[in-house]
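Observations on the three-dimensional arrangement
Listed below are the residues making up each chain.
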Amino acid sequence: MPERNIEFGAYGAQGVKGHEFVARRLDSLAGFIASPVTTRRGLTARLRYLTSSARQLAAAREAGLTISDRTIRAQMQGTRRPSARTLSEIDAAYQQVRRQNVARHLLARLNRQGRGTRVEFHPVNQSAVARPRQRAVEYRTLNVRKWDRIVGAWEAGDDAGLDAAWVDEVVVDLGSQWGQYEYVTNIGFAA
């Protein structure tokens, strides 16, 4: 795949790697807590989610949550204010545990018993590219039937794996134009 080595944006095209939009869309489908972790409400909601059962707490510990149970109780009661490092640790553990909890359900929604999900590719913005260098790239749709590698990489938080899975499983199915859709302005799908 020699097109993957081309320097994107050299002539002014604007876009983002497709797998980054996919990760954002999967995050929105996962239904993360909307309040930021820096607010009392957001912190309490995340801690409640991570400590709702022994299994959840074990998953949070496995995801990197190192603060003690006593500290968690104090932070939930509001008697102790967490440091910035602790806040980022709590948020990272929450995101990883939430992804693990919803991945199986999300995979079933996207695969739809083999019918798949329709994906929309919005081409790069070429308004800043000189007219002779612009390419004719149209809006495309594709039905993606296999989401296993994509959701697995998203669940693990593996950005490189998600990029490889997205390009190998989806973008190459666009035929000879696949290189034009490695970078896009948006990826849309509803599950």
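Residues numbered from 1 in each chain as written. Predicted model: local features only at pLDDT ≥ 70, side-chain atom pairs only at ≥ 80, totals over all residues. Heavy atoms only, no water.

1. What about the packing of helix 5 (residues 84–111) against helix 6 (residues 148–156)?
Two measures define how a pair of helices packs: the angle their axes make with one another and the distance between the axes. Note the cut-off: For helices, the fitted line uses only the C-alpha atoms of the stretch in contact; every axis is such a line through C-alpha atoms, and the angle between N-to-C directions lies from 0 to 180 degrees. Numbered from the N terminus, helices here are DSSP runs of H or I no shorter than four residues, and strands are runs of E no shorter than two. Roughly parallel means an angle under 35 degrees; roughly antiparallel, over 145; roughly perpendicular, 65 to 115; everything else is oblique. Should the near helix be turned counterclockwise from the far one by less than a right angle, the crossing is left-handed, whereas a clockwise turn marks it as right-handed. By definition in these notes, contact holds between two residues if any of their heavy atoms fall within 4.5 Å. Classification convention: Asp, Glu, Lys, Arg as charged; Ala, Val, Leu, Ile, Met, Phe, Trp, Tyr, Cys, Pro as nonpolar; all other residues, Gly among them, as polar.
The interhelical angle for the contact between helix 5 and helix 6, taken along N-to-C directions, is 160 degrees, at an axis separation of 10 Å. The pairing of helix 5 with helix 6 is recorded here as roughly antiparallel in orientation. The two elements helix 5 and helix 6 meet at a crossing, and its hand is right-handed. Taking contact as the criterion, the partners of Arg99, Gln100, Val102, Ala103, Leu106, Leu107, Leu110 and Asn111 in helix 5 are, on helix 6, Asp148, Val151, Trp154 and Glu155. Residue composition of the contact of helix 5 with helix 6, grouped by class: seven nonpolar, two polar and three charged.

2. Digging into helix 5
For clarity, the cut-off: Under the convention used throughout, the expected extent of a helix is 1.5 Å for every residue step, that is, one less than its residue count. At any given residue, the bend is defined as the angle formed between two axes, one fitted to the seven residues that end at that position and one fitted to the seven that begin there.
Between the first and last C-alpha of helix 5 there are 39 Å, a value that for 28 residues agrees with the 40 Å anticipated at 1.5 Å per step. In helix 5, a bend of some 45 degrees at Ala103 exceeds every other bend along the element. Arg112 sits one or two positions beyond helix 5 and adopts a positive phi of about 45 degrees.

3. A short note on the sheet that holds strand 3 (residues 140–144)
By way of backbone hydrogen bonds, the strands of a sheet pair with one another, either parallel or antiparallel. We count it as follows: Should DSSP find at least two bridges between two strands, the strands are taken to pair.
One open sheet accounts for three strands, arranged 3-2-5; its pairing is antiparallel. Two strands in the sheet have a free side with no partner beyond their single neighbour: strand 3 and strand 5 (186–188). Direction aside, neighbouring strands of the sheet carry axes that sit 25 degrees apart on average. The pairing of strand 2 (residues 117–122) with strand 5 spans three bridges and is antiparallel. The residue bridging Phe121 from the neighbouring strand is Ile187, located in strand 5.

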